[in-house]
Amino acid sequence: MTDLVTFGETMALFAARRTGPLRFARDFDLGLGGAESNVAIGVARLGHSTAWTGRVGADEFGDLIRATLMGEGVLTRAIADPEAPTGLMIKGRRTADLIDVRYYRKDSAGSRLSPGDLDPDLIRSARVLHVSAITPALSASARDAVRHAIGEARAAGVPVSLDINYRRRLWSPAEAGAWLRETVGDVDVLFATEAEGRLIADAGEAADLAKALASLGPRHVLVKFGARGALELSDGEIRRAEPYQVTEVDPVGAGDAFAAGWLADWLAGASPERRLRTACAAGAFAVTSQGDWESLPHRADLELLRSPADGVSR
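Summarised in this report is the structure supplied together with it. (Residues numbered from 1 in each chain as written. Predicted model: local features only at pLDDT ≥ 70, side-chain atom pairs only at ≥ 80, totals over all residues. Heavy atoms only, no water.)

This brings us to the overall build of the chain. In terms of regular secondary structure, the chain is built from nine helices and 13 strands. What you see for the chain is a C-alpha radius of gyration of 18 Å, in line with the 20 Å of a compact globule of 314 residues. When its C-alpha atoms are laid out on the principal axes, the chain stretches across 55 × 50 × 35 Å. Split into buried and exposed, the 314 residues of the chain put 56% on the buried side. Counting 37 positive and 43 negative side-chain charges, the chain places the centres of these two groups 3 Å from one another. (Helix = DSSP H or I, 4+ residues; strand = E, 2+ residues; numbered from the N terminus. Rg over C-alpha atoms; globule rule 2.2 N^0.38 Å. Buried < 20%, exposed > 50% of the residue type's maximum accessible area, 1.4 Å probe, protein only. Lys, Arg positive; Asp, Glu negative; His and termini not counted. Charge placed at Lys NZ, Arg CZ, Asp CG, Glu CD.)

Shown next as structure tokens:
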């Protein structure tokens, strides 16, 4: 049995080292990024077994993705596609406070994901299946893969977790909202920002929004407020968590870290209060350095947010 199973597109990530327009960048750090693989790494670092499936190009970037995920302890099924390249993500810092992310994923290997790429036995034996609403925006076949995976999980009694993760450059609010309304009733855990939640539910305050989302089917609804903390609605009760105060370096990946922290503690049987605090702590760690996943915490790291006031650990 694998604790968490997920799939989607992971891309090679080029991050400019210089602040300003990308056309003037000369030096880049090479890494990888993908919402679902970020979650797989985060849950693995917090002590659980994870698996990720995806299509990558038969190229150096595909090899990088495979080697990195395996090195992080993620059971990796990276299908090498000889007819399509690994997708690319280019990240620049236009100003000190504005991150500019650009995707080059049209007709990429990851966009060619299909139901046949998924291992039904792996899904059926999982403790939770985690998906994001990025994957169905990539192509019709990727959309079919998400629907197929959710169907396999539900038939086997496996809980399904969905992070909305809306990407406006992939599809319109109307398209995303329509797919989400068709899907959210088959989901047990739902992660959303306030704006994402309003793609499918019309509500005012965050608590009312969480209740509206829960009425569509999910047993657990997590609403994220970024630097203002988060809210969880479970078993009819609303709980809130304040954010950790950290110095933000790179905000990309914070939502994935939050989901990883919550799912890891949920899998561990932690109390609602603890899993929400762990989710916020993981999100705080994620923004403290460059990269989508590099700062994701291990269990021992969680106490570091309570470090001495002078910030020195001796």
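The subject of this paragraph is the layout of surface pockets. In this structure, the largest pocket occupies an estimated 1400 Å³ of space. Breaking the lining of the largest pocket down by element, the ones donating at least two residues are helix H1 (35-45), strand S7 (98-104), helix H6 (194-197), helix H8 (254-267) and helix H9 (272-286). Of the residues that constitute the lining of the largest pocket, the class distribution is 24 nonpolar, eleven polar and 13 charged. (1 Å grid on protein atoms, 1.4 Å probe; cavity = no way out; pocket = protein on both sides within 12 Å on 5 of 7 lines; lining within 4 Å. Points joined across faces, edges and corners; volume = space filled by probe spheres on them. Nonpolar A, V, L, I, M, F, W, Y, C, P; charged D, E, K, R; others polar.)

What follows is about the sheet that holds S7. The sheet built from four strands is open, its strands ordered S3-S2-S6-S7 with mixed pairing. Each having just a single partner strand, strand S3 (28-33) and S7 make up the two edges of the open sheet. Ignoring which end each strand starts from, the neighbouring axes of this sheet average 25° apart. In terms of strand pairing, strand S2 (residues 11-19) meets S3 through six bridges, oriented antiparallel. Bridge pairing in S3 places phenylalanine 14 opposite leucine 30. (Pairing = 2+ DSSP bridges. Axes fitted to C-alpha atoms, helices over the stretch in contact; angles between N-to-C directions.)

Take empty space enclosed by the protein next. Taken as a whole, this structure holds one cavity of 30 Å³ or more when the rule is applied. In this structure, the largest cavity spans a volume of roughly 40 Å³. Along its surface, the largest cavity is lined by Val5, Thr6, Phe7, Thr53, Leu118, Asp119, Leu122 and Ile123. Per element, the largest residue contribution to the lining of the largest cavity is three residues, and it comes from strand S1 (residues 4-7). Of the residues assigned to the lining of the largest cavity, the class counts are five nonpolar, two polar and one charged.

Taking 1.5 Å of rise per residue, 16 residues should cover 22 Å, and helix H4 (residues 140-155) covers 23 Å from first to last C-alpha, within 8% of that figure. Of all the positions in H4, only Ala142, Ala145, Val146, Ala149, Ile150, Glu152 and Ala153 are classed as buried. Down the axis of H4, the smallest arc covering the buried residues is 160°, so these residues share one side. What points out from H4, more than 90 degrees from its buried face, is the exposed set Ala140 and Ala155. Looking at the buried residues of H4, the elements they touch are S1, helix H3 (120-124), strand S8 (128-132), strand S9 (160-163) and helix H5 (173-183). (Expected span 1.5 Å × (residues − 1). Arc of directions from axis to C-beta. Contact = heavy atoms within 4.5 Å.)

Under the criterion given, the structure shown has six aromatic pairs. Measuring from ring centre to ring centre gives 6.4 Å for phenylalanine 14 and phenylalanine 28, while their planes differ by 80°; the resulting arrangement is edge-to-face. With phenylalanine 14 in strand S2 and phenylalanine 28 in strand S3, this pair connects stretches of sequence that are 14 residues apart. Geometrically, the ring pair formed by phenylalanine 191 and tryptophan 262 is edge-to-face, given 5.9 Å between the ring centres and 80° between the ring planes. Taken together, the residues phenylalanine 191 in strand S10 (residues 189-193) and tryptophan 262 in helix H8 connect sequence positions 71 residues apart. Assigned by exposure class, phenylalanine 191 and tryptophan 262 land together as buried. An aromatic cluster is built from Phe191, Phe258, Trp262 and Trp266, whose rings are joined through pairwise contacts. (Phe/Tyr/Trp six-rings, centres within 6.5 Å; stacked < 30°, edge-to-face > 60°.)

A word on the pairing of strand S12 (residues 230-234). The buried fraction of S12 is high, at five of five residues. Linking strand S11 (residues 220-224) to S12, which pair antiparallel, is a turn of five residues; within it glycine 226 sits at a positive phi near 65°. Inspection of the sheet shows S12 paired to strand S13 (residues 237-241) by five bridges, in the antiparallel sense. Residue pairing in the sheet places alanine 230 in a bridge with alanine 241 of S13.

A separate point is the nonpolar core. Judged by nonpolar contacts, the single largest core of 43 residues is most densely connected at Phe7, Leu129, Leu162 and Leu180. One finds Leu46, Ala260, Leu263 and Ala284 within the second-largest nonpolar core, a separate group that totals 26 residues. (Core = buried A, V, L, I, M, F, W, Y, C linked by side-chain atoms within 4.5 Å.)

Within the secondary structure, arginine 105 is located in the loop between S7 and H3. Sequence separation between arginine 105 and leucine 22 is 83 residues, and the spatial gap between their C-alpha atoms is 18 Å. Apart from residues no more than four positions distant in its own chain, arginine 105 is found in contact with Glu9, Met11, Ser111, Ile134, Leu138 and Leu170.

Moving on, we get to the side chain of serine 108. Positionally, serine 108 belongs in the loop between S7 and H3. Contacts of serine 108, omitting those with residues within four sequence positions, involve Glu9, Ala84, Pro85 and Gly87.

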